[in-house]
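Topology and contacts: notes
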Amino acid sequence: MLLNFKEIELGDINFFSKYWRQMDQINSGYCFPVLWGWNEDYVCSLAPDEELDLLWIKQATPNPVTLAPLGNWHQENWKKIILDRFGKNMDFYYVPEGLLKIWQKQFGESIEIEEFRGGWDYLYDIKKLATLSGNAYMKKRNRVNQFRKAYKYNYIEITDAITSEVMDFQLSWCQANHCADVIGLKRECRAIKRILENWNNLPNLCGGVIKVNDNIAAYTIGELSGETLFVHFEKASLEYNSGYQIINRDFLANTLKKYPELKIVNREEDLNDPGLREAKMSYLPIDFGKEYHVEIKF
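What counts and what doesn't
Residues numbered from 1 in each chain as written. Predicted model: local features only at pLDDT ≥ 70, side-chain atom pairs only at ≥ 80, totals over all residues. Heavy atoms only, no water. Disulfide = S-S within 2.5 Å. Buried < 20%, exposed > 50% of the residue type's maximum accessible area, 1.4 Å probe, protein only. Pairing = 2+ DSSP bridges. Helix = DSSP H or I, 4+ residues; strand = E, 2+ residues; numbered from the N terminus. Axes fitted to C-alpha atoms, helices over the stretch in contact; angles between N-to-C directions. Contact = heavy atoms within 4.5 Å. Right-handed = clockwise from strand over helix to strand, strands pointing away. Salt bridge = Lys/Arg side-chain N within 4 Å of Asp/Glu carboxyl O. Parallel < 35°, antiparallel > 145°, perpendicular 65-115°, else oblique. Nonpolar A, V, L, I, M, F, W, Y, C, P; charged D, E, K, R; others polar.

A few points about the state of the cysteines
Covalently bonding the sulfur atom of one cysteine to the sulfur atom of another cysteine gives a disulfide. Under the criterion given, the structure shown has one disulfide. For cysteine 174, the disulfide goes to cysteine 179, at an S-S distance of 2.3 Å. Residues cysteine 174 and cysteine 179 are joined by a disulfide whose S-S torsion is about -80°; by sign, that bridge is left-handed. A relative accessible area of 9% places cysteine 174 in the buried class. Exposure remark for cysteine 179: the relative accessible area of 4% places this residue in the buried category. Looking at the unpaired cysteine 31, the closest cysteine sulfur is the one in cysteine 206, lying at 11 Å. A relative accessible area of 0% means that cysteine 31 is categorised as buried. Unpaired in this structure, cysteine 189 has its nearest cysteine sulfur neighbour in cysteine 174, at a distance of 3.7 Å. You can call cysteine 189 buried: its relative accessible area is 11%.

With respect to the sheet that holds strand E12 (residues 228-236)
In space, the seven strands of this open sheet follow the order E9-E10-E11-E12-E13-E8-E14, with mixed pairing throughout. Two strands lie at the open edges of the sheet, namely strand E9 (153-157) and strand E14 (287-289), each paired on one side alone. Shown here is a sheet whose adjacent strand axes are inclined to one another by a mean of 30°, direction ignored. Bridge count for strand E8 (residues 121-125) against strand E13 (residues 264-266) is three bridges, and the pairing is antiparallel. The partner of aspartate 125 across the bridge, within E13, is isoleucine 264. Strands E9, strand E10 (205-212), strand E11 (215-225), E12 and E13 of the sheet are contacted by helix H10 (residues 243-258), whose axis makes an angle of about 150° with E12. Contacting E8 and E14, helix H11 (residues 274-281) runs over the sheet at an angle of about 20° to E8.

Focus: the environment of alanine 236
Topologically, alanine 236 is positioned in strand E12. For alanine 236, a relative accessible area of 1% gives the class buried. C-alpha of alanine 236 to C-alpha of isoleucine 216: the two residues are 20 residues apart in sequence and 8.7 Å apart in space. Ignoring any residue separated from it by four or fewer positions in sequence, one finds alanine 236 in contact with Phe169, Trp173, Ala217, Ala218, Gly243 and Tyr244.

Concerning the pairing of E12
The buried count for E12 comes to eight of nine residues, which makes it a mostly enclosed element. Sheet analysis places E11 next to E12, joined by eight bridges and oriented antiparallel. Residue pairing in the sheet places tyrosine 219 in a bridge with lysine 235 of E12. Connecting E11 to the next strand, E12, in antiparallel fashion are two residues, including glycine 226 with a positive phi near 60°. Direction of pairing for E12 relative to E13: parallel, over a ladder of three bridges. Residue pairing in the sheet places threonine 228 in a bridge with isoleucine 264 of E13. With respect to chirality, the unit in which E12 leads through H10 into the neighbouring parallel E13 is right-handed.

Looking at the pattern of salt bridges
Opposite charge on two side chains lets them pair, provided their charged atoms get close. This model, assessed by the stated rule, comprises 20 salt bridges. Here lysine 18 ties to aspartate 53 by a salt bridge, and the two come within 3.8 Å at their closest N and O atoms. Here lysine 18 is found in helix H1 (residues 13-20), whereas its partner aspartate 53 is found in the loop between strand E2 (44-49) and strand E3 (54-59), with 35 residues between them in sequence. Residue lysine 18 is classed as partly exposed on the basis of its relative accessible area, which comes to 38%. Look at aspartate 53 and you get partly exposed, because its relative accessible area is 22%. Here arginine 148 ties to aspartate 250 by a salt bridge, and the two come within 3.6 Å at their closest N and O atoms. Within this pair, whereas arginine 148 is found in helix H7 (residues 138-150), its partner aspartate 250 is found in helix H10, the two being separated by 102 residues in sequence. One network of salt bridges, in which partners are shared, links Asp41, Arg187 and Arg190.

Side note on the packing of helix H4 (residues 78-86) against helix H5 (residues 97-107)
Remark: H4 packs on H5, axes separated minimally by 9 Å, with the N-to-C direction vectors making an angle of 95°. Here H4 lies roughly perpendicular to H5, going by the angle between them. Here Trp78, Lys79 and Ile82 of H4 come into contact with H5, specifically with Leu99, Ile102, Trp103, Gln106 and Phe107. The residue makeup of the contact of H4 with H5, split by class, is six nonpolar, one polar and one charged.

Geometric values such as these leave the question of function open.
So this is what it looks like as structure tokens:
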């Protein structure tokens, strides 16, 4: 069967959501704002497979790879599906653990697995991070209280009215953090710009800013999905101590108040960065959204 891949577009959001809603495990890399937002650099293409209620995804750059499909993973004959669409030997990248377990049962020894620890999403109890209560979070709570004592600040939700202001802060953050010399930060900045410029066209986005003396000191961009809140971007100025702690806590507290059905906050991967891993572990994750590189050989 020939799959008809076409480059992802903003107008794909509605049909994309059809497959998204069927997922047993949603990892952050498969969120529409991520796939579409970073598309200038990674060039993702989609191919609907209506017969099976699956959506196949390919990434063209920097290296051509095929991602795990979205949609109905509970297929009776994955071997025939893969053979008909890709042939005898196939690699899939960023395969969520939920799909991997299904494949392991059906493929047995025909499957080879490589752990991708740097791509695991960090999952937390949102109520714990929104309150920072208990001895385990004492240091985080103290940092938040220090910020509150040191600065007169306001927390404001991101709306289309302030997206340009958020982008100005992001550009200033990039200059201070030498984004021009770091390819990953340059790509991230382009994705943030794309998302902010289309804020009202991307459903389920949410975000917040911390303002000190009417100037943005930190911001977060997230996405709502059922009982999960994804945190896609989070930036804080180095001019203010504990900026990251205050935006993290206040964003979660305010979003949870507005959407009390939320249970999990997904703060995404660490990309094998030691400092980022230490920071994410310090918030005490309750689980991980695991991903793997999977090679299937018949």
